[in-house]
Structures are given as C-alpha cells and as structure tokens.
Amino acid sequence: MKTSKRPFLGFVMVAAALVATLGHVRSGSSQTIEVDPNFPRGKLKVTAGEPTVMTTRTNVTGVLAVSRTGVVAVFYQDDESGEVSNVYRTSSDAGETWGEQLRFLVERAGLAMFGALREGGVVKMAGQAVPLDKPESDKPGPQRILFSDDFMQYKSDPAKVDLSTFPSNASKNTPKGSFYPVFDKGKLLELPNGDLLATMYGVLEGDAQYRTMIVISKDKGLHWRYVTTVAYDAEDPHPDFPGDWDGYCEPSMAQLADGRLLCIMRTEGATPPYKPMYTSWSTDMGQTWSDPIPTSPHLQNAWPTLAVLDNGVVACVYGRPGVHVVFSSDGGQTWTDRVTLTSHTTTWGKPGINISCYADLIQVGPNRLLAISAVGPGGTQVFPIEVERVE
C-alpha cells in the first residue's frame, strides 16, 4: 500500500492509497424505469442508465459526495484484501466511468454528511457531540474531514460542538441505543456568507424521544453551535398510524428552488409495521421551522436523503422495506413517481440476503442524480437517474 504527503490549503493531507483493482466502466445504455403503478404519478419522465456494481458485498451502506468541480466520490465497504475496509472510487464524468478503488484511511469513516465548499474542498462531518467532561471510548467525538476537490487528498481533524448553546444538556439515553446527538446523514448546506448548516439528531436531558436539530459552523466545520430544533414531540402526534413512535431522527435537509429549506425525518423504529417519515419547512434559512407533517403519501421509513434538481424537482431516496426513489414537484408537499432500486430488504435474522436498506443520493448534473444502494444478489450498485418535467 503506497501513501504520499504534500501540502494542500496550508495543511498536510494524506494521499489516497491505491488498491490494485480495475476501474468500473459502464456501457452507457439507458432504459426507462418502470414507475410503481400503485403510487401517484406526476408530470415527470424518469430515465435510468445501466447501474455500476461497486462491490459484490450486500450488507453495505454506500454514500456519495460531489465537489464544486463536479468530481464525484462513492464511499462503501469492501473485503477484497480479506478484511472489510472503508474504500472509495471517484468519477470525473458524472458517474459514467469510475477510477481505481482507493483505501479511505480514516479511523472513523462515518456516514453520509458531506458538503462541497464554493471556495474549494469538500467537508465531511461525523461523530457525536460527546460532553468534554464525559469522554467515552466507545462514543467517538465530532470529526471534520476536509477533502481536496478531486478527493485524492484529505485531512481529518477533531471538531467541537458547543453544548452550552443547546437548550439543555446532551444525553446519551436515546430510545433505541446509547449515543449523544450525532452527525449522521443528509448533506451540509453552505450559506451565502460561507457558514455551514447541518442537521443532528439525538436527545437532550428530559427528552422522551429523538429530536432533530440544526447546528451552524462559521469555520468550515471545526466548531459548531446550536441554532434551533426542527422537530420534537414527546408523544406520537398520530397514534392512529400503526408502528412504534421514536421521535424525529435520521434527518436530511436541502434548499428548494424558491429558497426555502426542506427537512425530512424518520420517525419509526427498526421493525415493521412502519410509521411514515415527516417533513418540515423553513422560510428563514433554518432559524425557525413549520410543524412537522407526515409525508403524502406516506413514505416508509429509513435513512432518507434529499436532492434538488435544476428544474426544481425534489428527489428523495429511502429504504425499508426495499429501497426507492420518489419525486416532488411542489417542494415536498406531495410525492410521486416512485421507482424501486431493489425489493430486497432487511431480514432481521431470518433466512435470506440481508441488506440495510440505507441508501444515498446526490445531484451530479442539472437534472441528473446518482443513487447508491445494496440490491441483494447484485451486490452494491450506483444508479444514474435523469428526471425531466413533461407538460
């Protein structure tokens, strides 16, 4: 394994280590995705190219990022060397072809919270807002990873979340585990003045369920403070919906064509029956948020990611059961034209091919998306998707 070091933006960056693996090349053929006939239809044409197999592993959580220069990176796990490692590939042609597989040499690789910077570089956030006076070895603190625009170099630094700015103390006593408020998924949003907005979820002292929160950084992700809570309900606002109410978690945030912010959140536990995801909107760049409402129709249930295309269409990938992409022409009020990337789902210990149903999505062209998901026997694949409005 070869590594090298050279300066970048005043820091020493670790160069990516090449793994002896051939790049993946797609044939370029395309097909029209079959839209679910039992789901509402909109005035959209959804077209997909041939997917690229990144790894034959099936229980993989893959994530995507793109820089200001249009270079795309896909991060996933592979075991070609005999042990599972965090790896990635890059594409300079919006996912038409992919380069060699590279080792991602960061101890805590984290999940899907990336954001491209207008002045250059890509920021990735991971980790938990662990109180400084209560360090725990099994709870990694916040971490910022800064990539070069081509993703060939990166540097990892500890970040800080100022818990004194939160309305009450952070707690690790969550409904489904033990962790402090976490940078989990969705994409970072860079404001016109260069500040970064991010979502976090977890619990504060006195909370009965998860809450989704907004935090802000004025130094490219090294320091964060609390802004507001997007959504919190101690009790289920819709007990008539079947399922297990866990509060608002796994949020994804995006800016709509009209300038508003949209946030979509999971509300359900791990096993069916599933409650729907909820949405909320902000008209003041995340300072205040509307009361959360269930998605219409109900989208179920885990790890949603939003992307907004140049034509104003909002896309959302989500999973469990299966993995699907849906679209909204009205800023997330209603969703149409569901397409399914896989019908395989999490088995919960039962016989069959197990996948997490955690998928990711990113815009790579004016009306072009890439989505990544494990699909079962086909391994983990990246899907190119284009969306057009039709009158």
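Up top is the structure these notes are about.
The shown structure was predicted, so the numbers you read here are calculated from the model rather than taken from an experiment. Sequence order as written defines the numbering, with residues in each chain counted from 1. With the structure being a predicted model, the display of local features is reserved for residues of pLDDT at least 70 and the display and counting of side-chain atom pairs for 80 or more, all residues being used for whole-chain, interface and lining totals. Computation of side-chain values: all heavy atoms of the structure, hydrogens and water removed.

## What to know about the pattern of salt bridges
Phase 1 of the analysis: One side-chain nitrogen of Lys or Arg within 4 Å of one carboxyl oxygen of Asp or Glu is enough to make a salt bridge. What the rule picks out here adds up to 20 salt bridges.
Phase 2 of the analysis: Salt-bridge contacts for K172 lead to E136; the nearest nitrogen and oxygen are separated by 2.9 Å. Of this pair, K172 sits in the loop between strand 16 (170-171) and strand 17 (173-174) while E136 sits in the loop between strand 12 (122-128) and strand 13 (143-147), and the two are 36 residues apart along the sequence.
Phase 3 of the analysis: For R144, the salt bridge identified is with D157, shortest N-O distance 3.6 Å. Of this pair, R144 sits in strand 13 while D157 sits in strand 14 (residues 153-158); the two residues are 13 residues apart in sequence, bridging distant segments of the chain. Of the two residues, R144 and D157, neither departs from the other in class, the shared state being buried.
Phase 4 of the analysis: Put simply, E136, D138, K139 and K172 are held in one network by salt bridges that share partners. Secondary structure follows DSSP: runs of H or I at least 4 residues long count as helices, runs of E at least 2 residues long count as strands, and numbering of each begins at the N terminus. For the exposure calls, accessible area comes from a 1.4 Å probe over protein chains only, and a residue counts as buried if that area is under 20% of its type's maximum, exposed if over 50%, partly exposed in between.

## Concerning the sheet that holds strand 24 (residues 245-255)
Phase 1 of the analysis: By the convention used here, strands pair only if DSSP detects at least 2 bridges between them. Spatial ordering of the open sheet is given by 24-25-26-27, a layout of 4 strands whose pairing is antiparallel. Of all the strands in the sheet, the pair left with one neighbour each is strand 24 and strand 27 (293-294).
Phase 2 of the analysis: Direction of pairing for strand 25 (residues 261-268) relative to strand 26 (residues 278-282): antiparallel, over a ladder of 5 bridges. Bridge pairing in strand 26 links C263 to S280.

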